Amino acid sequence: MLIYRGLSRISRISKKTPFGRRWLPSHPLLSGASHSAAAAAADSSVKVLGCREAYSWSLPALHGIRHQIHHQSSSVIELDPFSLVADELSILAKRLRSMVVAEVPKLASAAEYFFKMGVEGKRFRPTVLLLMATALNVRVPEPLHDGVEDALATELRTRQQCIAEITEMIHVASLLHDDVLDDADTRRGIGSLNFVMGNKLAVLAGDFLLSRACVALASLKNTEVVTLLATVVEHLVTGETMQMTTSSDQRCSMDYYMQKTYYKTASLISNSCKAIALLAGQTAEVAILAFDYGKNLGLAYQLIDDVLDFTGTSASLGKGSLSDIRHGIITAPILFAMEEFPQLRTVVEQGFEDSSNVDIALEYLGKSRGIQKTRELAVKHANLAAAAIDSLPENNDEDVTKSRRALLDLTHRVITRNK
């Protein structure tokens, strides 16, 4: 169990602007700081605590979207979450490419392999984190409005964007290491880095990304946030080790599988969401809700991945279908099938080096409700994620409402995707 430390509520100030009310956490600059220090903070070119220079980040203009937040995520599918943070994602992609530059050309080429345009993925995790930042009363300041409050809002947003960048670097590093461990030959529809450049360089590139993430994390100078994301790296290693070193009973245990899945997949997004809340000065209760959203969204995402490994195609997934079972990895659909057909356990214990055992397992899976029950479990976790958003303190601010609706929409997209 994670132990949540109590956080005192940080007082907030609001400022009415032509674009609505801006909410800011309390900050040392507002109590006892000199006017010159405040003026320096307001300068858009000033360096902030976070990832090097502060960039001018802004959301695209949004009009005409005024719907209520609903419990059922299926009721908000008309909203495109990615469009709300499209401008920020574009700058984030450029920032990431600049952050993974290395002195040694070969290492630089390897480190930027999955940050290049066209193979950078959907940036799902940064999207979640940027939406979470706005959903927790953090508004993007307009560069035309000067002053201390704008400077503080800019600094806070930049620090939270830094969390999104760190999270993406940790994620990509884990992919590079996983591909080496799994001897994968494709990723995101192209040759995996280990397949193209070899295992050694892929491992070193992953290590390099983790080191860059650590440097950026240290720049935030927030001990609790550093602890959260350092724990994520520990969880990634723990989860991978759990997958590699299972006993027969553990391999056939749904509880063990879900714990491993949390470590390998959901810990990163859940702890990053919590970090976003902590940087915003939110209460312990709100930070827990942010954590719960990320945890359950991550679990739902992985459960649907488990389904797609059996039902998807190599072209749609960007990797070979049946890759998990062919590598001897037992996922939720097979575990549920085993509950209906206990004789399947004998096949699982024999292993899948023999392709005939793969065929036998698929035959049992086809006769079972394994796929359906996995989808149902994914829906359960998606609903828990939606409930966390719905439990956030009420806020009628338009941008906050849009972002919360977008986070709800993501819970629907996660369970209805086909790739």
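The structure displayed is predicted, hence computed values, not measured ones.

Definitions and cut-offs
- Residues numbered from 1 in each chain as written.
- Predicted model: local features only at pLDDT ≥ 70, side-chain atom pairs only at ≥ 80, totals over all residues.
- Heavy atoms only, no water.
- Helix = DSSP H or I, 4+ residues; strand = E, 2+ residues; numbered from the N terminus.
- Buried < 20%, exposed > 50% of the residue type's maximum accessible area, 1.4 Å probe, protein only.
- Contact = heavy atoms within 4.5 Å.
- Areas by Shrake-Rupley, 256 points an atom, 1.4 Å probe, with all protein chains shown as cover.
- Phe/Tyr/Trp six-rings, centres within 6.5 Å; stacked < 30°, edge-to-face > 60°.
- Core = buried A, V, L, I, M, F, W, Y, C linked by side-chain atoms within 4.5 Å.
- Axes fitted to C-alpha atoms, helices over the stretch in contact; angles between N-to-C directions.
- Parallel < 35°, antiparallel > 145°, perpendicular 65-115°, else oblique.
- Salt bridge = Lys/Arg side-chain N within 4 Å of Asp/Glu carboxyl O.
- Patch = residues over 30% accessible without salt bridge, like charges linked within 9 Å, V, L, I, M, F, W, Y side chains within 5 Å.
- Lys, Arg positive; Asp, Glu negative; His and termini not counted.
- Charge placed at Lys NZ, Arg CZ, Asp CG, Glu CD.
- pLDDT = per-residue confidence, 0-100.
- Polar contact = N/O pair within 3.5 Å; in protein donor to acceptor, adjacent residues only side chain to side chain.
- Left-handed = near helix turned anticlockwise from the far one by under 90°.
- Nonpolar A, V, L, I, M, F, W, Y, C, P; charged D, E, K, R; others polar.
- Expected span 1.5 Å × (residues − 1).
- Arc of directions from axis to C-beta.

Enquirer: Is there a simple way to explain the overall build of the protein chain in this structure?
Expert: Scanning the protein chain for helices and strands turns up 19 helices and 4 strands. Buried positions account for 53% of the 419 residues belonging to the protein chain. Of the contacts formed within the protein chain by residues at least 6 apart in sequence, a portion of 76% connects residues at least 24 apart. Only carbon and sulfur atoms are counted for the fraction: they give 54% of the accessible area of the protein chain, which is about 18,700 Å².

Enquirer: I would appreciate a short explanation of the packing of aromatic side chains in the present structure.
Expert: Describing an aromatic ring pair means giving the distance of the ring centres and the angle of the ring planes. On inspection of all chains with the given rule, the structure shows 3 aromatic pairs. Pairing Phe124 with Tyr301 gives two aromatic rings, centres 5.1 Å apart and planes at 40°, and the pair type is tilted. Here the residue Phe124 occupies a position in helix 5 (residues 124–135), and Tyr301 occupies one in helix 12 (residues 284–311), the gap between them amounting to 177 residues. Measuring from centroid to centroid gives 5.8 Å for Tyr262 and Tyr263, while their planes differ by 50°, and the two rings are tilted.

Enquirer: Quick question: what am I supposed to make of the nonpolar core here?
Expert: Most often, soluble globular proteins have nonpolar side chains that are buried together. By size, the foremost hydrophobic cluster in this structure holds 113 residues, and its most contacted members are Tyr293 and Ile334. Per element, the largest residue contribution to this core is 15 residues, and it comes from helix 11 (residues 254–279). Contact partners of Ile334, with chain neighbours within four places excluded, come to Phe310, Ile325, Leu344, Val348, Ala361 and Leu365.

Enquirer: Any chance you could explain unusual backbone geometry here in plain terms?
Expert: Most peptide bonds take the trans form, and the phi angle of most residues other than glycine is negative. Positive phi, normally seen in glycine, also occurs at Lys221, with a value near 55°. One can find Lys221 in the loop between helix 8 (199–219) and helix 9 (223–244).

Enquirer: Mind showing me how you'd approach the packing of helix 9 against helix 11 here?
Expert: The relative placement of two packed helices comes down to the angle between their axes together with the axis-to-axis distance. Contact geometry for helix 9 and helix 11: axes closest at 8 Å, N-to-C directions at 170°. The angle between helix 9 and helix 11 places the two elements in the roughly antiparallel class.

Enquirer: For this particular structure, what's the right way to read the pattern of salt bridges?
Expert: Pairs can form between side chains of opposite charge whenever their charged atoms are close. In total, this model carries 12 salt bridges according to the counting rule given. Residues Glu88 and Arg157 are paired through a salt bridge, measuring 2.8 Å at the closest nitrogen-oxygen approach. With Glu88 in helix 3 (residues 86–99) and Arg157 in helix 6 (residues 148–182), this residue pair connects regions lying 69 residues apart in the sequence. Judged by its relative accessible area of 3%, Arg157 is buried. Among the ionic pairs, Lys402 bridges to Glu398, the shortest N-O distance being 3.1 Å. Within this pair, Lys402 and its partner Glu398 are both found in helix 19 (residues 398–416), separated by 4 residues, close to a single helical turn. For Glu398, a relative accessible area of 30% gives the class partly exposed. Bridged by salt links that share partners, the residues Asp80, Asp409 and Arg413 form one connected network.

Enquirer: Teacher, can you tell me more about a negative patch on the surface here?
Expert: Taken together, the side chains of Glu353, Asp354, Asp359 and Glu363 present a region of like negative charge at the surface. Here Glu353 lies in the loop between helix 16 (344–350) and helix 17 (355–367). On the basis of relative accessible area, Glu353 is assigned to the exposed category, the value being 74%.

Enquirer: Looking at this structure, I do not really get the confidence of the model for the protein chain. What am I missing?
Expert: One rule of thumb: low pLDDT means the predicted coordinates there are not for detailed reading. Per-residue confidence for the protein chain averages 76 on the pLDDT scale, and 73% of its residues sit at or above 70. Across residues 52–77, where pLDDT falls below 50, the model places 66 contacts with residues more than four positions away in sequence or in other chains. Note on residues 314–320: pLDDT under 50 across the span, and 19 contacts to partners over four residues away in sequence or across chains.

Enquirer: Is there a simple way to explain the side chain of Asn296 in this structure?
Expert: As for its placement among the helices and strands, Asn296 is situated in helix 12. According to the relative accessible area criterion, Asn296 is buried, its value standing at 9%. Within the local environment of Asn296, its side chain forms a polar contact with the side chain of His381, the two groups lying 2.8 Å apart.

Enquirer: Sorry, what's going on with the packing of helix 5 against helix 12 here?
Expert: Axis separation between helix 5 and helix 12 bottoms out at 12 Å; the angle between their running directions is 155°. By the angle class used here, helix 5 and helix 12 are roughly antiparallel. The element helix 5 and its partner helix 12 pack so that their crossing is right-handed. Only Ala290, Tyr293, Leu297 and Tyr301 of helix 12 make contact with helix 5, whose side of the interface consists of Phe124, Val128 and Met132. Split into classes, the residues belonging to the contact of helix 5 with helix 12 amount to 7 nonpolar, no polar and no charged.

Enquirer: Can you help me understand the environment of Ser355 in this one?
Expert: Among the secondary structure elements, Ser355 is positioned in helix 17. Residue Ser355 is classed as partly exposed on the basis of its relative accessible area, which comes to 47%. Once the C-alpha coordinates of Ser355 and Arg326 are considered, the two residues, 29 residues apart in sequence, prove to be 8.0 Å apart.

Enquirer: Mind showing me how you'd approach the environment of Ser253 here?
Expert: Take Ser253: it is sitting in the loop between helix 10 (248–251) and helix 11. On the accessibility criterion, Ser253 (22% relative accessible area) is partly exposed. Remark: the alpha-carbon pair of Ser253 and Ala332, spanning 79 residues in sequence, is separated by 9.5 Å.

Enquirer: Teacher, can you tell me more about helix 9 here?
Expert: Since one α-helical turn is 3.6 residues long, residues separated by three or four positions face the same way. The first and last C-alpha atoms of helix 9 sit 32 Å apart over 22 residues, in line with the 32 Å expected at 1.5 Å per residue. Along helix 9, the residues that are buried comprise Glu224, Val225, Leu228, Leu229, Val232, His235, Leu236, Gly239, Glu240, Met242 and Gln243. The buried residues of helix 9 occupy one face: seen down the axis, they fall within an arc of 155°. Along helix 9, exposed side chains directed more than 90 degrees from the buried face belong to Thr223, Glu234, Val237 and Met244.

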